[in-house]
Amino acid sequence: MVQSSSAVFLWLLLLGVEGRFGEQPANASAVLGFGVQLRCAVEGGRGGAVQWARGGLLLGPLPHPRHPRYRPRGDPNAGEHHLEIAGVTLEDDAAFECQVGGGNGSAPQASRPAQLTVLVPPRPPRLEAPPGPWGGGAEITARCHVTDARPPATLTLTLGGETLSDVTTRVFEGSHPKLSSSEATVRLRPSPEMDGQELVCAAANEAGAAPARDSVTLRLLVPPSSPTIEGLESPHVRAGETLRLRCLVRGGNPPPSLHWDKDGVPLAVPWVAAGPLTSSQLVLLVGAGDDGVTLRCSARSPVPPPAPTTSVTISVTYPPAEVRIAGTAAVAENGTVALSCTSAPSNPPVQLRWWLGGRQLEASESGSAQAEGRGWVTWSNVTLRGRREDHGKSLECEAQSAGRSASVPVSVSHPPRALWLEPPPPVPPLRAGERLRLRCLARGGHPAPRLAWTKDGRPVKEGRQTSSHEGSLVTRELVVTVTPSDNGATYGCEATGDPRGDPLRVLTRLHVLFPALSVSISVSPRSPRPEQTVLLTCLAGSANPPPTLRWNRRGQTLPGVPLSAVPSSHSGVTVGSRLRLPVTLEDHEDIVTCEAVSPELGVTVSAQHHLLLRHPPQLEGGGAEVVVREHEAVELPLSVRAHPPVESCAWSRGGRPLLPGGSPRLRFGPGVALTVLNVSRGDAGAYGVNCRNAEGETRASLSLAVLYPPSIVRAPDPVVVDEGGAAELLCAIEGNPLPPNCLQWGRLAEAQEGPVPLPPSLVPTWGAAVGRLWVAGAQRDLGGVYECRVDTGVPPPARAVLRLVVRYPPEVEAPASPVLVAPGAESAQLRCRARGVPPPEVTWELRGRPLPSQHHSRYQSHQWREGHWTSSVLTVTNITLDRLRLRHQFHNWDQYQSRPRHQYRNWDQLEDWHWEEHRNRSVGTFVCVAQNPLGSARRRFQLRLADRPEAPRELRVSRVTPTSLSLSWSPGFDGGLPQSFLVSARGPGAPPPLVAPGPALTLGGLLPATPYDVTVRGRNARGDSAASGIRAVTSEVPEEPRPWGEGEGPAPPPAAAPAPPPLGLVGALVALGALLVATAGGGALWCCLRRDPKNGGDPKNEEGGAAGGGGGGAPPNQYGAVGVPSESLEVSSEGSWLRPYDDVIDWGGYEEVPPLVTPQGELV
């Protein structure tokens, strides 16, 4: 097509065809997705239709559905036939031609081809480089990829803003043949200055879009630079200033950590890394102790080389903390005293000056020296001469330019003029323990003299001293408690204060009475033995006056031999006494007392001596029994007496020695002590101990009994026995002790919180740590849970629960009344409950065959157990089938229709006839069968539809009179419907049948002394029951008749005969009776008649049963009264609502059959 168009075009040019293009399309380019317009104009509007061709193929008339993006533009009448392309694609990258068809005698003509180039901008590049950080000088290769561009994209790589030259570029085909992909590769060798620089890849082509970029930030492992410290303007800093130093480190990847230390001691200072700069600021409150310290900052980084450090040393300028003056400024008049002043360490040294009363004193000597550690110490000495006018002034030592000084007051003194003493009176003499008051007085002296008390030339430290100063008089008082040392002592008062001479002194001598200061007893021989004589010597002294000595032991005075008195301390005497005393072993540890009695003072001082006699050990407590509870600790109560003390005691148990360390529970104390910890029952037994000393050895023994709580070691459970058999409940126990009555048996009942007493038939026995509970002739009521409880007095008691299981065959609860199906119900349930041990399984039977258990059966049973009882519920469904069967068998009988009475007349009793199921409207007789391994039991359940009642029971005469009989009876089963009772009597003058609402009735209007046969039938909406009969005789009339008005009178005359029914009614009844005779044998025509009220009938009653079953009172008639158990009513025939059954024929065939009972009490 392209070749033919070109040929035509060339042919037209050769022939010089008229009509040329005014504007031919030109080559153009467009970016992918953007629009473009190709222009074409024909001169003069000649020729035919104008069309566009792409790639040599005509596009057809535009717009066209196949080319929705192509639109014609321009004025065709003016020859403009431009082509506009929207959203160019790679498909549009081709040569386009504008062709003019032939017309008006002109030949077709085509423009020159115009190439449309589609430009595709590059996609975002992807820069790939190994994960950083990098280090160690290894070369890094980075690649930049860009895909699908037209023309191919130009890739430019820059690092830190500078274009990289050593880049290898590769171009290859993209995802489309007209697209290209590019790749640029560069190799870099890391250097520290590259850290943090950005490697950028930019991709661009002629599409004109902004270059696409991708970048990677280079992270190199670069060691940090050396730290620098800023903020220290001068190394000299004043104490108290706050020094703020900043440590800076540049570079480093990862950023270094900065650490401060002071003379090698680390300081907790945080650091902050922000970009290439890492800094840490140290804030230090400068003190005197910081003088000369070196503050160091270290930069630590995992990148070698080792971390660099930098440091500064500061010099602290600080004044002395204090100035101290050594010495006192007290000086005697015209005397001299030397004082020294010293400053605390300072930097630099200070100058010290002396001042007294505003004038400067010349220092006799001064200087400075290096202090221990840091700083300088300055000292200065001065000599002060005492002048009266300087008294009271302040002597000051000043540290120049440091603001520190110290001062002392100046005191110039002279002696007092007089000193005297006020001694105590000589009578009565002083006694030891009394309070002594001495007063010393001095007059004059400057400063005021200091008074001091002395005793025998030494200062007095004890007692209480007080001073007072009144004008020129100074007083000092001494109050002391007199002691024996004050006897003959000299007390003096000294007045000091004048340094020029000796102090003034006044003296007084004391005479004191005191008892013996000590009493001591010596013994010979020093270690006596029994049966020897001991010589005791008692010395008492010193004392003033001499005391009297006496001996006693055990409250008895012993005679002693006095010794001569000798002088002793405190100007007293010492007296003595001797006592000879024979001793035995019983005297061991006896106490002998020597008393020194001073009658003048009323004081007795004594001393005691323990007689310790050498003898072998004596053990006390041997042969005893020690009782302890298990897990407690016990100390065996043996004590030993021995002198000298026991050397060793060896314990044994059961003949085996007990060694220290043999058991951690045995603690051997001093002497004979033995403690057993956490006593166990295995520790019980005989213990022996052998103790020895230098005088011999002794042995003793005792027994240890361990009490531990009882436990039950054997209690078989459960114990199973058949009813009537024998069994034994056994409970074997252990414990200590086991008293005779420690084991108790009890029975656990559900309703009781604790055990209940045992039945009399259970006999408990005890022997040999075994308790038994004998069961002979086991009855089922003995079955249950029994408790064996053991309480020996040692808690906790033990308890075991045993179950006695008495097995017996199943028993089924007697059934209640027949189960009735409610009218219209489609299902019924029979409930059976049986008990036995083991619990029985309950099944159901119908007509001697088990009921099917399939789910689709109309009989579904559910069984569960509660203890010994097993319960089962049988659900019988689809009762409609039984109603249909009964309706078919009994002349279309309907449960919801009243039943003609003739249906209850006698039927022939065939042998294969099931009365319950066919005659008595029964759905079926179901048998509940309970079975266990010991036997089975059966009970019959009759499921019945609502039916006529059962015959009344227990018909009896409750009261007899000459003209009445009072009857009562027990109602039979009511057939599931409300029932009343039909009472009939036969005999002379008997009333017609009566309907009673309840189980009692009084028949009146009878003849005296006349027998009557009375029958009672139950009646409900379904009909009448069988009859219950009784013969009763009225009583005779008393010989003397009672007057009129008392008791019963003669029967009233009979009421007028009722009027005959209307003729129309009679005819209708006759026709109805004929119909009944034809269909049912005509045996009960009378039951269809309804009496007219005028003929004695009751329009409210049909068949005599509707009103009779309603209960309530009834009007009397001439024959008797309807009664209830609580009252009896007389009734008459006038207005009676009771319907007389004078036309009831003898139905017969009814016989009350008592239920059959098996010897086991099971109902048949």
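Residues numbered from 1 in each chain as written. Predicted model: local features only at pLDDT ≥ 70, side-chain atom pairs only at ≥ 80, totals over all residues. Heavy atoms only, no water.

Caption draft 1: Inspection of the overall build of the chain at higher detail. On a plain count of helices and strands, the chain comes out with four helices and 91 strands. In the chain, which comprises 1164 residues, the proportion classed as buried is 39%. Within the chain, contacts between residues separated by at least 24 positions form 64% of all contacts whose residues are at least 6 apart in sequence. (Helix = DSSP H or I, 4+ residues; strand = E, 2+ residues; numbered from the N terminus. Buried < 20%, exposed > 50% of the residue type's maximum accessible area, 1.4 Å probe, protein only. Contact = heavy atoms within 4.5 Å.)

Caption draft 2: Spatial organisation of the pattern of salt bridges. Applying the stated criterion across every chain yields a total of 46 salt bridges. The shortest N-O distance in the salt bridge between Arg554 and Asp590 comes to 2.1 Å. With Arg554 in the loop between β52 (548-553) and β53 (556-558) and Asp590 in the loop between β55 (573-582) and β56 (591-598), this residue pair connects regions lying 36 residues apart in the sequence. In this structure Arg554 comes out as exposed when scored by relative accessible area, which is 55%. (Salt bridge = Lys/Arg side-chain N within 4 Å of Asp/Glu carboxyl O.)

Caption draft 3: Local environment of the packing of aromatic side chains. On inspection of all chains with the given rule, the structure shows four aromatic pairs. Between the aromatic rings of Trp844 and Phe941, the centroid separation amounts to 5.7 Å while the plane-to-plane angle is 55°, which identifies the pairing as tilted. With Trp844 in strand β78 (residues 841-846) and Phe941 in strand β83 (residues 935-945), this residue pair connects regions lying 97 residues apart in the sequence. Taken individually, Trp844 and Phe941 each receive the classification buried, so the pair is uniform in this respect. Ring centres 5.8 Å apart and planes at 65° place the aromatic pair Tyr859 and Phe926 in the edge-to-face group. Here Tyr859, found in strand β80 (residues 859-866), pairs with Phe926, found in strand β82 (residues 922-932); they are 67 residues apart in sequence, far enough to count as distant. Pair check on accessibility: Tyr859 and Phe926 agree, each one buried. (Phe/Tyr/Trp six-rings, centres within 6.5 Å; stacked < 30°, edge-to-face > 60°.)

Caption draft 4: Examining the confidence of the model for the chain more closely. Of all residues in the chain, 82% attain a pLDDT of 70 or more, and the chain-wide mean is 79. Scored below 50 in pLDDT, residues 891-921 makes 88 contacts in the model with residues more than four places away or belonging to other chains. In the model, residues 1043-1164 has pLDDT below 50 throughout and makes 179 contacts with residues more than four positions away in sequence or in other chains. (pLDDT = per-residue confidence, 0-100.)

Caption draft 5: Summary view of the sheet that holds strand β51 (residues 533-543). Strands sit in the order β50-β51-β55-β54 across an open sheet of four strands; the sheet is antiparallel. Of all strands in the sheet, those with a lone pairing partner are β50 (518-524) and β54 (561-567), marking the two edges. Across the sheet, the axes of successive neighbouring strands diverge by a mean angle of 20°, strand direction being ignored. (Pairing = 2+ DSSP bridges. Axes fitted to C-alpha atoms, helices over the stretch in contact; angles between N-to-C directions.)

Caption draft 6: Here's a closer look at the state of the cysteines. Summed over all chains, the structure comprises nine disulfides. At a sulfur-sulfur separation of 2.1 Å, the disulfide partner of Cys40 is Cys98. For the disulfide bridge between Cys40 and Cys98, the dihedral angle about the S-S bond is near -75°, and by the sign convention the bridge is left-handed. Residue Cys40 is found in the loop between β3 (36-38) and β4 (41-42), and its partner Cys98 is found in strand β9 (residues 94-100); the two are separated by 58 residues along the sequence. A single burial state applies to Cys40 and to Cys98, both of which are buried. Each disulfide pairs two cysteine sulfurs, and for Cys247 the partner residue is Cys297, the sulfurs being separated by 2.0 Å. Since a negative S-S torsion denotes a left-handed disulfide, the Cys247-Cys297 link at about -85° is left-handed. Of the two residues, Cys247 is situated in strand β22 (residues 242-250) and Cys297 in strand β27 (residues 294-300); the sequence distance between them amounts to 50 residues. Side by side, Cys247 and Cys297 carry an identical accessibility label, which is buried. Cys742 forms no disulfide, and the closest cysteine sulfur to it belongs to Cys788, at a distance of 9.0 Å. (Disulfide = S-S within 2.5 Å.)

Caption draft 7: Broad picture of unusual backbone geometry. Cis geometry is adopted by the peptide bond preceding Pro737, which originates at Asn736 and carries an omega value of 5°. Across the junction of Val837 and Pro838, the peptide omega takes the value 0°, indicating a cis bond. Positive phi, normally seen in glycine, also occurs at Asp263, with a value near 50°. Look at Asp456: it is not a glycine, yet its phi comes out positive at around 50°. Locating Asp456 in the fold gives a position in the loop between β43 (450-455) and β44 (458-459). Its relative accessible area of 40% is what places Asp456 among the partly exposed residues.

Caption draft 8: Fine view of the side chain of His67. Topologically, His67 is positioned in the loop between β6 (57-58) and β7 (70-73). Since its relative accessible area comes to 16%, His67 is described here as buried. If we ignore the near neighbours within four places in the chain, the residues touching His67 are Arg54 and Leu59.

Caption draft 9: Representation of the sheet that holds strand β35 (residues 365-370) in the model. Pairing is antiparallel in the open sheet, where four strands are placed in the order β30-β32-β36-β35. If you trace the sheet from one side to the other, it starts and ends with β30 (323-326) and β35, each paired once. Here the average twist between neighbouring strands, direction ignored, is 20°.

Caption draft 10: Just the environment of Val36, in detail. Note that Val36 resides in strand β3. For the pair Val36 and Leu83, spaced 47 residues apart in the sequence, the C-alpha separation amounts to 8.4 Å. Once residues within four sequence positions are removed from consideration, Val36 is found in contact with Ala28, Ala30, Leu83, Glu84, Ile85, Val88 and Leu116.

Caption draft 11: Focus on the pairing of strand β13 (residues 140-149). Summarising burial for β13: seven of the ten residues are buried, a large majority. As paired elements, strand β12 (residues 126-128) and β13 share three bridges and run antiparallel to each other. Looking at β13, one finds that Leu127 is bridged to Cys144. Of the pairings in the sheet, the one linking β13 to strand β17 (residues 180-188) comprises eight bridges and is antiparallel in character. Bridge pairing in β17 places Ile140 opposite Leu188.

Caption draft 12: Quick look at the side chain of Thr475. Mapped onto the fold, Thr475 is located in strand β46 (residues 473-481). Thr475 sits in the buried class, given a relative accessible area of 7%. Once residues lying within four places of it in the same chain are set aside, the contact partners of Thr475 are Arg439, Cys440, Leu441, Leu451, Thr466, Ser467 and Ser468.

Caption draft 13: Quick look at the environment of Val186. Along the polypeptide, Val186 turns up in strand β17. Judged by its relative accessible area of 2%, Val186 is buried. C-alpha of Val186 to C-alpha of Ala142: the two residues are 44 residues apart in sequence and 5.5 Å apart in space. Contact partners of Val186, with chain neighbours within four places excluded, come to Ile140, Thr141, Ala142, Leu157, Leu164, Asp166 and Val167.

Caption draft 14: Quick look at the environment of Ala1000. Looking at the secondary structure, you find Ala1000 in strand β88 (residues 1000-1003). The sequence separation of Ala1000 and Ser958 amounts to 42 residues, and the corresponding C-alpha distance is 9.3 Å.

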